[in-house]
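So you can see what is in the structure, the chains are spelled out below.
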Amino acid sequence: MADIFPYYAGFSFDWACGLLPSLAVSAQPRVLDPWNGSGTTTLAAQALGYKSIGVDLNPIANVVARLRTQVDAQAKIILPPARSPAKARAEDPLFAWFTHRTVERLRSWTEELLLASRPSATLGYVALFRVVKSLTSKFQGSNPTWVRRAASPEDLVDVAAEELDSLIVADQKHIMSRLGTLPSNKERVALLTASSSALPIRDGSVDVILTSPPYLTRIDYAVAYARELAVLGVDIRTDRSLRAGLMGTTLIRSSVEQGKYGPLATDLVDRIKSHSSKASSGYYRKQAIQYLNDLVGSLDEIQRVAASRATAVLVVQDSYYKDVHVRLAEICEEEMAARGWTCTPRRFRVDRTLTSVNTAARAYTKGDVYETVLTFTRSKDD
């Protein structure tokens, strides 16, 4: 189901299914992914019969994760709503890409989904995400994480109600054709909309953490999913709270003070600050500090919620700021060691990264990029 709604993931479902049993400390481990994304960890845990918690601050990710773990072929397709159009607010974020009549018809659909059962509504929302993204594909640039808005009224997408209805119903049917029968333990999956640095989970309650944190590659997930967020009524231009809260955001928060890190993270900040390129000592230094603050805050939370015999597996990828090597795996290893964890790393060379998409970044000499599987065990009890 990962191809139904592509959402960047650090590992595959099959890999997670093969790994989790080897990490389990009991027959019924409690599994956590604090950066759950579209739900690969929670889906794998569900397939194995384990209890799991998936946390993500991005509501789009949580809708897709819910589709994968809570919706099966018994869900009912939402039929086109009544022809009378819904009233669209003048500030509706969908007006950034669609004409007035198209926005009104899309809002007729979202109003209909509010009345549907949760599985059917989840199916309908993912179909809406996919149709909206397809209809606005011309606004997607070469950088897959950036979406432009219509430059003029003539640039807006205009779709008749009948055609839009047909597309949405057809997409629901396509998704339904891919759905099987869910395991009977779907209540064992908890999907929470929250920050990884403020997990709504009690102390010492998690046995296994399997996750892939956002990399320091300046991927702004709120911008990348601006159209889907607009379907949910979120306008990232006027409401910056979600964008500001996401780890790795390119939006600098109002107050950015460097936290306490180990030598590797501190050295990274210093090297970015002293780089000769424009804005390195200002904006880019702050963005790196902001990311590292979020990372160490999240590792503190992993430390808090992990049981005394817990195992944590983090899949992380190195990157480059210009020609400065971001040794993220080693930073994570150092920070977790300071929290009492012992690490076993496994490195794999990566041929294609998001850095290669940025044409300006290609001007700087870079070395190999590696993805690393970091397996942590508690070396001492708290």
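Our subject is the structure listed above.
Residues numbered from 1 in each chain as written. Predicted model: local features only at pLDDT ≥ 70, side-chain atom pairs only at ≥ 80, totals over all residues. Heavy atoms only, no water.

### What about the overall build of the chain?
(1) Moving on: A tally of regular secondary structure across the chain gives twelve helices and nine strands.
(2) Moving on: The C-alpha radius of gyration computed for the chain amounts to 22 Å, which stays within 12% of the reference 21 Å derived for 382 residues, consistent with globular compactness.
(3) Moving on: Counting only C-alpha atoms, the chain reaches 65 × 55 × 35 Å along its principal axes.
(4) Moving on: Here the chain, with 382 residues, has 54% of them falling under the buried criterion.
(5) Moving on: Of the roughly 16,900 Å² of accessible surface on the chain, 51% is carried by carbon and sulfur atoms. (Helix = DSSP H or I, 4+ residues; strand = E, 2+ residues; numbered from the N terminus. Rg over C-alpha atoms; globule rule 2.2 N^0.38 Å. Buried < 20%, exposed > 50% of the residue type's maximum accessible area, 1.4 Å probe, protein only. Areas by Shrake-Rupley, 256 points an atom, 1.4 Å probe, with all protein chains shown as cover.)

### Observations regarding the side chain of Ser196
(1) Moving on: Inspection of the secondary structure puts Ser196 in the loop between strand E3 (189-193) and strand E4 (206-211).
(2) Moving on: A polar atom in the side chain of Ser196 sits 3.0 Å from the side chain of Trp35.
(3) Moving on: Of the polar contacts made by the side chain of Ser196, one reaches the side chain of Ser298; its length is 2.7 Å.
(4) Moving on: Discounting chain neighbours no more than four positions away, the residues touching Ser196 are Pro34, Trp35, Ser298 and Glu301. (Polar contact = N/O pair within 3.5 Å; in protein donor to acceptor, adjacent residues only side chain to side chain. Contact = heavy atoms within 4.5 Å.)

### A few points about the sheet that holds strand E9 (residues 369-378)
(1) Moving on: Spatial ordering of the open sheet is given by E3-E2-E1-E4-E5-E9-E8, a layout of seven strands whose pairing is mixed. Two strands close off the open sheet at either side, each with one partner strand: E3 and strand E8 (341-350). With direction set aside, neighbouring strand axes in the sheet form an average angle of 15 degrees.
(2) Moving on: Here strand E1 (residues 30-33) runs beside strand E2 (residues 51-56); their pairing, made up of four bridges, is parallel. Counterpart to Leu32 in the pairing with E2 is Ile53.
(3) Moving on: Packed onto the sheet, helix H1 (residues 13-23) meets E1, E4, strand E5 (306-317) and E9 and runs at close to 150 degrees relative to E4. (Pairing = 2+ DSSP bridges. Axes fitted to C-alpha atoms, helices over the stretch in contact; angles between N-to-C directions.)

### Structural notes on the packing of aromatic side chains
(1) Moving on: Applying the stated criterion across every chain yields a total of six aromatic pairs.
(2) Moving on: With 6.3 Å between their ring centres and 35 degrees between their planes, Tyr125 and Phe129 make a pair best called tilted. A residue pair is termed a helical-turn pair when its members lie 3 or 4 positions apart in one helix, as Tyr125 and Phe129 do in helix H5 (residues 118-135) at four residues. Both residues of the pair, Tyr125 and Phe129, count as buried.
(3) Moving on: Measuring from ring centre to ring centre gives 4.9 Å for Tyr283 and Tyr284, while their planes differ by 80 degrees; the resulting arrangement is edge-to-face.
(4) Moving on: In this structure Tyr283 comes out as partly exposed when scored by relative accessible area, which is 26%.
(5) Moving on: Each member of the aromatic cluster is reached from another via a ring pair, and the members are Phe5, Tyr125, Phe129 and Tyr225.
(6) Moving on: Between Lys133 and the ring centre of Phe5, over which it is positioned, the NZ or CZ distance is 5.8 Å.
(7) Moving on: The ring of Tyr370 has Arg347 sitting right over it, with the charged end atom 3.9 Å from the ring centre. (Phe/Tyr/Trp six-rings, centres within 6.5 Å; stacked < 30°, edge-to-face > 60°. Lys NZ or Arg CZ within 6 Å of the ring centre and 35° of its normal.)

### Side note on the pattern of salt bridges
(1) Moving on: The full count for this structure, using the stated rule, is 16 salt bridges.
(2) Moving on: In this structure, Arg30 engages Asp207 in a salt bridge whose closest nitrogen and oxygen atoms are separated by 3.0 Å. In this pair, Arg30 sits in strand E1 while Asp207 sits in strand E4, placing the two residues 177 residues apart along the sequence.
(3) Moving on: A relative accessible area of 32% means that Arg30 is categorised as partly exposed.
(4) Moving on: By relative accessible area, Asp207 is classed as buried at 8%.
(5) Moving on: Members of the salt-bridge network, linked through shared partners, are Lys138, Arg148 and Asp155. (Salt bridge = Lys/Arg side-chain N within 4 Å of Asp/Glu carboxyl O.)

### A few points about the packing of helix H11 (residues 280-305) against helix H12 (residues 328-338)
(1) Moving on: Running from amino to carboxyl end, H11 crosses H12 at an angle of 45 degrees, the nearest separation of the two axes being 10 Å. In terms of orientation, H11 and H12 fall into the oblique class. Read as a crossing pair, H11 and H12 show a hand that is right-handed. Mapping the contact onto sequence places Tyr291, Leu292, Leu295, Val296 and Leu299 in H11 and Leu328, Ile331, Cys332, Glu335 and Met336 in H12.
(2) Moving on: Residues of the contact of H11 with H12, tallied by class, amount to nine nonpolar, no polar and one charged. (Parallel < 35°, antiparallel > 145°, perpendicular 65-115°, else oblique. Left-handed = near helix turned anticlockwise from the far one by under 90°. Nonpolar A, V, L, I, M, F, W, Y, C, P; charged D, E, K, R; others polar.)

### Re unusual backbone geometry
(1) Moving on: We note that Ala279 has phi near 70 degrees; this positive angle belongs to a residue other than glycine.
(2) Moving on: Within the secondary structure, Ala279 is located in the loop between helix H10 (263-273) and H11.
(3) Moving on: You will see that Lys322, though not glycine, has its phi angle at about 55 degrees, which is positive.

### Observations concerning the packing of H10 against H11
(1) Moving on: Contact geometry for H10 and H11: axes closest at 8 Å, N-to-C directions at 160 degrees. In this view, H10 runs roughly antiparallel relative to H11, as classed from their interaxial angle. Here H10 and H11 pass one another in a crossing that is right-handed. Counted together, Ala265, Val269, Ile272 and Lys273 of H10 and Ser280, Ser281, Tyr284, Arg285, Ala288, Ile289 and Leu292 of H11 form the full contact between these two elements.
(2) Moving on: Looking at the contact of H10 with H11, its residues break down into seven nonpolar, two polar and two charged.

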